[in-house]
Amino acid sequence: MKITEYLKDHILYLDGGMGTLLQAAGLAPGEFPERWNLSHADTIVEIQKAYFDAGSNVVAANTFGANRLKFQPEELEAVVSAAVENARKALRLSSGEQPKWVALDLGPTGRLLKPYGDFDFEDAVSVFADTVKLGVRCGVDLILIETMNDSYETKAALLAAKENSDLPVFVSNAYGADGKLMTGASPAAMVAMLEGMGADAIGVNCSLGPKALAGVVGEYLKYASVPVLLKPNAGLPAVVDGRTVYDVDAESFSWDVAGMIAGGVRIAGGCCGTTPEYIRLLVERSASLTPAPVVPKDVTMASSYTHAVVFGEGPVLIGERINPTGKKRLKQALRDRDMDYILSEGLAQQEKGAHILDVNAGLPEIDEAAMLSDMVCALQVIIDLPLQIDTTDPAAMERALRRYNGKAMVNSVNGKAESMRTIFPLVKKYGGLVVALTLDEDGIPETAEGRVAIAERILDTAAEYGISKKDIVFDTLAMTVSAASQAAEITLAALREIRERLGCHTSLGVSNVSFGLPGRDVINGVFFAMALQNGLSAAIMNPHSVEMMKTFHAFRALRGMDENFTGYLAFCEGLPQQEDASATPAAGKPAGAIPTGASGLQDAIIHGLKDRAGEITGELLATRDPLDIVREDVIPALDVVGKGFEEKTVYLPQLLMSAEAAKSAFERVKAHLSAGSGGAAAKGCFVIATVQGDIHDIGKNIVKLLLENYGFSVVDLGKDVAPEAVVDAVVRRKAPVAGLSALMTTTVPAMERTIRLLREKAPWCRVVVGGAVLTQDYADRIGADRYARDAMDTVRYAEEIMGGGE
Amino acid sequence: MANAVLVRTYAEPPVSMDEILRYSGAGRSADARMAQLAGACFDLARESLTYRVCWREFPVLRRGDTLDLGFAEVSSAALRRNLQGCDAVVLFAATVGIGIDRLIARYETSSPARALMLQAVGAERIEALCDAFCADIASEAAASGRAARPRFSPGYGDLPIELQRDVFRVLECPKWIGLTLNDSLMMSPTKSVTAIVGLGCDAARGPAGCAACANSDCDYRKER
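Residues numbered from 1 in each chain as written. Chains lettered and ligands numbered in written order. Predicted model: local features only at pLDDT ≥ 70, side-chain atom pairs only at ≥ 80, totals over all residues. Heavy atoms only, no water.

**Focus: the domain arrangement of chain A**
Each domain of chain A was delimited in the assignment, giving domain 1 (3-286), domain 2 (301-582), domain 3 (587-675) and domain 4 (685-802). Computed over C-alpha atoms, the centres of domain 2 of chain A and domain 3 of chain A are 38 Å apart. (Domains from an automatic or database assignment.)

**Focus: the pattern of salt bridges**
Two side chains with opposite charge may pair up if their charged atoms get near one another. The full count for this structure, using the stated rule, is 61 salt bridges over all chains. A salt bridge links Glu-12 of chain B to Arg-46 of chain B; its shortest N-O distance comes to 2.8 Å. Here Glu-12 of chain B, found in the loop between strand E1 (6-9) and helix H1 (17-24), pairs with Arg-46 of chain B, found in helix H2 (residues 32-46); they are 34 residues apart in sequence, far enough to count as distant. Looking at Arg-46 of chain B, the relative accessible area reads 41%, which means it is partly exposed. Each of Asp-340, Asp-697, Lys-700, Lys-704 and Asp-716 of chain A takes part in salt bridges that share partners, so that together they form one network. (Salt bridge = Lys/Arg side-chain N within 4 Å of Asp/Glu carboxyl O. Helix = DSSP H or I, 4+ residues; strand = E, 2+ residues; numbered from the N terminus. Buried < 20%, exposed > 50% of the residue type's maximum accessible area, 1.4 Å probe, protein only.)

**Points about the packing of helix H4 (residues 41-54) of chain A against helix H11 (residues 276-286) of chain A**
The packing of two helices is summarised by the inter-axis angle and the distance between the axes. All names here are of chain A. In contact at an axis separation of 8 Å, H4 and H11 are set at 15° when each is read in the N-to-C sense. Between H4 and H11, the angle falls in the class roughly parallel. Between H4 and H11 lies a crossing whose hand is right-handed. Here Ala-50, Tyr-51 and Ala-54 of H4 come into contact with H11, specifically with Pro-276, Ile-279, Arg-280 and Val-283. Taken together, the residues of the contact of H4 with H11 break down into six nonpolar, no polar and one charged. (Axes fitted to C-alpha atoms, helices over the stretch in contact; angles between N-to-C directions. Parallel < 35°, antiparallel > 145°, perpendicular 65-115°, else oblique. Left-handed = near helix turned anticlockwise from the far one by under 90°. Contact = heavy atoms within 4.5 Å. Nonpolar A, V, L, I, M, F, W, Y, C, P; charged D, E, K, R; others polar.)

**Topic: the interface of chain A and chain B**
Contact with chain A, which involves 58 residues of that partner, is made by 54 residues of chain B. It is Pro-29, Tyr-116 and Met-182 of chain A that lose the most area in chain A upon contact with chain B, and together they represent 13% of the buried surface on that side. Where chain A meets chain B, there are three salt bridges. Among the ionic pairs, Glu-351 of chain A bridges to Arg-106 of chain B, the shortest N-O distance being 3.6 Å. Inspection of the chain A/chain B interface yields 16 residue pairs in polar contact (both at pLDDT 80 or more). At the level of elements, helix H2 (19-24), strand E8 (237-240), helix H13 (339-352), helix H14 (368-382), helix H26 (652-675) and helix H27 (698-709) of chain A are the ones that each hand at least two residues to the side of chain A that touches chain B. Here the side of chain A that touches chain B gets seven residues from one element, more than from any other, and that element is H26 of chain A. When its residues are assigned to classes, the side of chain A that touches chain B shows 25 nonpolar, 22 polar and 11 charged. (Buried area = accessible area lost by both parts, 1.4 Å probe. Polar contact = N/O pair within 3.5 Å; in protein donor to acceptor, adjacent residues only side chain to side chain.)

So this is what it looks like as structure tokens:
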């Protein structure tokens, strides 16, 4: 019998702890337990047989840490093959009469994935894939991915399992006492991602005892449409009289877990500290329970690496600002790969209250697939909102979805056969909440009925791919009302029908409706309200639009979605400021008592007053030449602070605050210049990077900021940068100087390698080095041209090479 | 049987704004603006901090110049001095979690001054966590008549940083506290510490902290 068949009508029992028992049998601290498959096969078989005898249906082969990061290929093969053989032997020898299976066990690699670690996502997929292939070849019955405490690594493992086998895959995560994974994901976020990718069962193991995991298990049961798994520890370990003991005994463990089986858990076992006795008692206490039916949950979710956004709990705001259509500055940023600008657009939308961000890189002259995927990764470094990946290029869609950490929104599919044929397989493989446009080969129907009919066809086709209706959000297409006076009515009628009769969630690009009319915000805000009343679940909108935000908050308040009016009150409190923020940045408003004029700007920079520096610059730009402002005010002010720093009267945080103020002045100047004709001529190109293997970059970022302040064009390659990448950038830009940073002695060799390669491939380039571990002596030894003791020192060196003050 | 890895989660250890300012490089001359920035950054970070420690106790054996720490053999003179009179060590790893790294990254583009101050908050928080844990270890040791030495980390003096590999092998840090080590021996999350605390009935109760440090003209040396 197939395990998934059996699971339909039975509670499935897993095994219990292995590590604890191996330690008791003499496994030394730090010794790899997987080697015991070969050296102590009898011990392994004996333990696993005891689990089968105790009533376990599934025993995991002893392959938890069997991967190519820990073992050479030949040994890995031997270890996995022996592990599966041992488990099979235990199965054969066991007297247990229950159906029995053997699982391939996949635990974490112990490495943190990029961006916060240095391990690439695809490398992680490939490491898991190797073990999966071996497991499949050895004939395991299923794959158990467990104890994962990072959502991204969990995705890598599940993807590897799915791409390299047809076996059932169970996925279990380890949660902390705060109810989150170590890297921050909530249970709902994990359910959204793992179910979307097609895990056959999902759940929770390790970390804590059963009672402490009850809250997390409750969340799984609330959101999951697949069976929920639970494998707790025997509580927490403590040392009593020199012996390690766990604080939940077999008796209370079995009662606690049996209680959770009664509450809906369908797959149960134990983790650290549990023994065959725990499992025997658990089976005894719960075997008579009727398995709770696994009910599909009609919950529509998108998720990030921290949380899920649930549709239907209130209007969902999807920020539309990261889309180059009609946005000159963003187009420029995409061409220049100016990630900082793109990130600042994302952050600003988050601060204004967006729940999800749309991300679009559709510009004909750039490599959209590469750019879109890079943008998704960059946004996910600092923004924890779910993203909506927006592209018409299926290859770009796949690349971005694959890299995305969570369950993304997919924008979009439509009723055309070709569109469904290309998009649905991607949604099926990577998971996703897909926006479906109600148009097809014949265009956009002019009637509501026509649009609903397309929606029904899309639902039917999705079902053929195994995509349920909860994972589709319909966009009934807001058309320009000035072109057809009934346009809004038709859109709303279709919306209502889809929400009420088809029971699906909906989304609209609201602002299209007002195209060609004056005062567009007014129309948009009212149309948004009408759409919400007709069943709109989400809007793709500009979070900076005050009218839209007014509607959002008022609607929530009026519909009883805003307890104690907390959201509404907070919104109203910030309202005057909100009005200001929506004004165009270049407008610069009078600043009351704040000193204005040139000396005011110098003052603001010297005192690190960021907003004031920007405001005054805005005013000055009305009357003075932008480059004069930079030359006569910004640079002299920076010099005052810079000299102060060198003389130790100004400290690093003050220096940075002044640098930020100067930057805000530069931003105004830059916006002014790009609105006009010319651009400021930068002094020269400075390539900067934290060397390979090094993941600390605050120092490098400080240097970058100051260099930019002083007018250098900085190419920032980020952290953990390979020597080849540094050389590439230097050669491409013919950069006269490169700056390299390293924190620890262990990464200085990478710095040396980079310098050597630069000497060979870019002999013109001077190299300045810095970082905690560097000294003059070190710099000399690795062949650098210059050691910079701090950021100002680097600026002075750049001025030496490329010319200083104008 | 060797002791298992033990795990403890702490509530927020006491905060020192002076230490945060010191780590930021603001020096002792920090003005009200700096203090305000430090306070704002601490508030920003507070929610995202977790305080986790895992540890394991090992007996210490001496063979000539070599110390057998139960999980690795080292020949560091500095550690030997630190462990005088000790018959056991507590090997621990502590982290305040990835949340602070995310916050720092978030502000690196929009406000480097904040990013710097958040770094300082992280540095102060992880040290405060280590202090809290070491105080617990010292008082638990005192109950059995033993004294605890000041903590000593791989990379201090002549104790090789490469010892980190052994530390991670025996403590299983990724599993217990979500702490990982990369090929360059750097830890992620970055605000993390691994260290050895010597225990023994004859453990020297000598100078600790600044008093034990040879650098006598350090700007930050605390007067006694």
